[in-house]
Each structure stands twice: as C-alpha cells, then as structure tokens.
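Understanding the architecture of this molecule
Each chain is listed here by its residues.
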Amino acid sequence: MEVMHLNEYKDEVGITLDMLLTISRCCPKLRILGVVLDTTKPSNEDMLHIVPFNNNLELLDVGWSLLSSKDVAQVAMFLAQVLPSHCKVDWKDSKDDEDSEGDEDSEDDEYSDDDEDSEDNDENTKERWDILVSILPTLRTMKDLGRRSANK
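My aim in this report is to walk through the structure given alongside it, one point at a time. Keep in mind that this is a model prediction, so the values were computed, not measured.

Next up on the list: the overall build of the protein. Tallying secondary structure elements over the protein gives three helices and four strands in all. Helices (α) and strands (β) of the protein occur, in sequence order from the N terminus, as β-α-β-β-α-β-α. Within the protein, the fraction of its 152 residues that count as buried is 42%. Expressed as a percentage of contacts within the protein between residues at least 6 apart in sequence, the contacts between residues at least 24 apart total 85%.

Below, the discussion takes up the packing of aromatic side chains. Tallied over the entire structure, the rule returns one aromatic pair. Consider the rings of W64 and W91, whose centres lie 6.1 Å apart with planes at 70°: the pair is edge-to-face. Of the two residues, W64 sits in the loop between β3 (59-61) and α2 (72-82) while W91 sits in the loop between β4 (88-90) and α3 (122-150), which places them 27 residues apart along the sequence. Judged by relative accessible area, W64 falls into the buried class, the value being 4%. Note on W91: relative accessible area 4%, which makes it buried.

Before going further, it helps to spend a moment on the sheet that holds β3. Sheet strands associate in pairs through backbone hydrogen bonding, adopting either a parallel or an antiparallel arrangement. The strand order across the open sheet built from four strands is β1-β2-β3-β4, with neighbouring strands paired in parallel fashion. Whereas interior strands pair on both sides, the edge strands pair on one side only; in this sheet they are β1 (3-7) and β4. With direction set aside, neighbouring strand axes in the sheet form an average angle of 10°. Pairing of β3 with β4, which is carried by three bridges, proceeds in the parallel orientation. Directly across from L60, in β4, lies its bridge partner V89. Docked against the sheet, helix α1 (residues 17-26) engages β1, β2 (32-35) and β3, running at close to 145° with respect to β2.

It is worth spelling out the nonpolar core at this point. Among the nonpolar cores identified, the biggest contains 32 residues, and L20, L33, L60, L79, L83, W129 and L132 are the most heavily contacted of them. The set of elements that each furnish at least two residues to this core consists of α1, β2, α2 and α3. Of all the elements, α2 adds the most residues to this core, at seven residues.

As a further point, take the environment of K29. For K29, the position within the fold is in the loop between α1 and β2. As a C-alpha pair, K29 and N56 span 27 residues in sequence and 6.1 Å in three-dimensional space. Beyond its immediate stretch of four places on either side in the chain, K29 contacts M1, E2, N54 and N56.

What counts, and where the lines are drawn
Residue indices follow the written sequence of each chain, beginning from 1 at its first position. Restriction of local features to residues with pLDDT of at least 70 applies here, the model being predicted, together with a cutoff of 80 or more for giving and counting side-chain atom pairs; totals for whole chains, interfaces and linings are based on all residues. Heavy atoms throughout the structure, all of them, feed into the side-chain values; hydrogens and water do not. Only DSSP runs of H or I with at least four residues qualify as helices, and only runs of E with at least two residues qualify as strands; both kinds are numbered from the N terminus onward. Burial here depends on accessible area, computed with a 1.4 Å probe over protein chains only, as a share of the maximum for the residue type. Under 20% is buried, over 50% is exposed, and the range in between is partly exposed. Any two residues whose heavy atoms approach within 4.5 Å are treated as being in contact. Paired rings are identified among Phe, Tyr and Trp, the last through its six-membered ring, by centres lying within 6.5 Å, and are further divided according to the angle between planes into stacked (under 30 degrees), edge-to-face (over 60) and tilted (the rest). The pairing criterion for strands is at least two bridges between them, as found by DSSP. Orientation is described by axes fitted as lines to C-alpha atoms, over the contacting stretch for helices, and by angles from 0 to 180 degrees between their N-to-C directions. Residue types Ala, Val, Leu, Ile, Met, Phe, Trp, Tyr and Cys, when buried and joined through side-chain atoms within 4.5 Å, form a set referred to as a nonpolar core.

Written as structure tokens, this is what we have:
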C-alpha cells in the first residue's frame, strides 16, 4: 500500500504518535499518509530507539489535527525522529475544506475557557503547525549529526 487516508476530518478521533510507528512497520511502501493525530498523548517509545519510517514517505497530511502550544516541541521532536528528511507535513485549515463553510468560527468543546489554548481555532492551530514545520529541518539536522557522531 502506497497511499493511506485514515481519518483526516475535524471531528474524528486522532491516532496517537505511537500508532504512527505501527503504521510505518505495517506499511513499508507507504508514500502518503493522511491521519488526524492525537497530539496530547506523548509517545511511550524511547526516542533513541525509534525506528523511523522508511524513505518512501513523502507526505504526512495531519488533516485537522489540533496542536496546543505546550505540545509543539514534543511533537516536533517525535516527528523529526520518525519522518524521513524529505517528508512534508501538511495541515488542513478551513480554506482547504469546502464542506466547512458553516464551521469556520466554531471551537472545539474539548478545551475549557481556562485552558491557555482555549482559542484552538483554525488560525491558531495552523500557526502552531507552521511553527512545528519550520523547526523540523533543524531537529532533523541535529538528529543526523548525532547519528554520525555515534557511528565514528
């Protein structure tokens, strides 16, 4: 299987970060993966022993995955470990989905008003995914340097 779209829509339950590792083991020829991630649950894997996706993966489309500001660094470090260096990460905002015309101003009820991320609307989440994507190359470079120095 080269293309897999599991659940890319706003109201679907996300898969955990660890489940990405299971998908990578079960689908070694995967080129495109579309999933909503549950970014609130940290990985249980030892970051030093994570087996990354093979080099075939070109796109991880995280659909409507929410991402709180407190989870950006953790999710970025995990994705830097598991994704090939050329893999693009993409997030859908309301402009990408023609069916969301009436939902653009709605917020997820999952977040309370006292939560620092209570404004988890498309714009804020898109900003956080943009930040994550912008730091991925640096984290990938650090990972590669660490592997090279370990191999010396």
